[in-house]
Amino acid sequence: MKNRIFVLGMAVTALGFTSCKGEKEKEAEKTIDTYTVYVDSVSNVPAEDAKANWQSIEATYELKNSQAETALSDLKEDQKAKEKVEASKAKYAALKAAMEAEMAAAQPDTKQQMRNELFGEGKIGEDMNFDWVNAGNIHGVYQQFVHTVENNKDRYSREDWDEIKLMWEALDSRKNTVEKEGLSSEDNRKIAALKLKFAPMYTLNRMGAKSEEMEEAKK
């Protein structure tokens, strides 16, 4: 009699475990369904709305993706569930890549903005072609460059100063060519004065920008 009661008890316990396991699996399946539905819904959001809310979308995705991964561990033998999750991951990855490309394209080109400020809109591009600078306008080019740097020196980062130095050296290189073409002694004198003004301004402010970056890094 005791043996029959023991066996019956074991059977009830086993049934309880099976029931619990079934509930756990159902919950895991529901979590994965929620994850795939979320990815599908985000994929159908208009691009402009998605860009405007991308941080929130990313945060929600990371949470749901983590939940789906946990749910998969409760469905180890369920290949279909695994494939669903992988398909949604791939779908979201493609959406993210497209969205980041769009947002990057929409970002202003800071280097080009700086070139426009220093030389004039569209005068200098990535090719750093200075052929348009000649004996007649080179003094004005130097003047605009130095005055622009002076007016904006407090907002430049170390990287900005490095870019400024690169462009300054390219302009100096063009001056060497222009001198041979007949640069007036008066303009040459004025350019020399601008160079004397620029050199310490560059050195001091670049050092200051570097120091600020180091202080920020320590925080």
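This text goes with the structure placed above it.
Because the structure is predicted, anything quoted here is derived from the model rather than measured.

What counts and how
- Residues numbered from 1 in each chain as written.
- Predicted model: local features only at pLDDT ≥ 70, side-chain atom pairs only at ≥ 80, totals over all residues.
- Heavy atoms only, no water.
- Helix = DSSP H or I, 4+ residues; strand = E, 2+ residues; numbered from the N terminus.
- Buried < 20%, exposed > 50% of the residue type's maximum accessible area, 1.4 Å probe, protein only.
- Contact = heavy atoms within 4.5 Å.
- Areas by Shrake-Rupley, 256 points an atom, 1.4 Å probe, with all protein chains shown as cover.
- Axes fitted to C-alpha atoms, helices over the stretch in contact; angles between N-to-C directions.
- Parallel < 35°, antiparallel > 145°, perpendicular 65-115°, else oblique.
- Left-handed = near helix turned anticlockwise from the far one by under 90°.
- Nonpolar A, V, L, I, M, F, W, Y, C, P; charged D, E, K, R; others polar.
- Expected span 1.5 Å × (residues − 1).

Asks: How should the overall build of the protein chain be read in this particular structure?
Replies: From N to C terminus, the protein chain includes eight helices and zero strands. Secondary structure elements of the protein chain occur, N-terminal to C-terminal, as α-α-α-α-α-α-α-α. Within the span of the protein chain, comprising 219 residues, buried residues form 28% of the whole. Here the analysis covers contacts within the protein chain between residues at least 6 apart in sequence; of these, 75% occur between residues at least 24 apart. Here the protein chain displays about 14200 Å² of accessible surface, and carbon together with sulfur accounts for 53% of that area.

Asks: In this structure, what is going on with the packing of helix α6 (residues 138-152) against helix α7 (residues 158-180)? I would like to understand it.
Replies: Relative orientation and spacing of two packed helices are given, respectively, by the angle between their axes and the distance between those axes. Their axes nearest at 11 Å, the elements α6 and α7 cross at an angle of 165°. In terms of orientation, α6 and α7 fall into the roughly antiparallel class. As α6 packs across α7, the resulting crossing turns out to be left-handed. Mapping the contact onto sequence places Ile-138, Val-141, Tyr-142, Phe-145, Val-146 and Val-149 in α6 and Trp-161, Ile-164, Met-167, Trp-168, Leu-171, Asp-172, Lys-175 and Val-178 in α7. Looking at the contact of α6 with α7, its residues break down into twelve nonpolar, no polar and two charged.

Asks: Help me understand α6 in this model?
Replies: Every α-helix carries 3.6 residues per turn, so stepping three or four residues along brings you back to the same face. For α6, with 15 residues, the first-to-last C-alpha span of 21 Å sits near the 21 Å given by 1.5 Å per residue. Of the residues making up α6, those classed as buried are Ile-138, His-139, Val-141, Tyr-142, Phe-145, Val-146, Thr-148 and Val-149.

These values are about where atoms sit, not about what they do.
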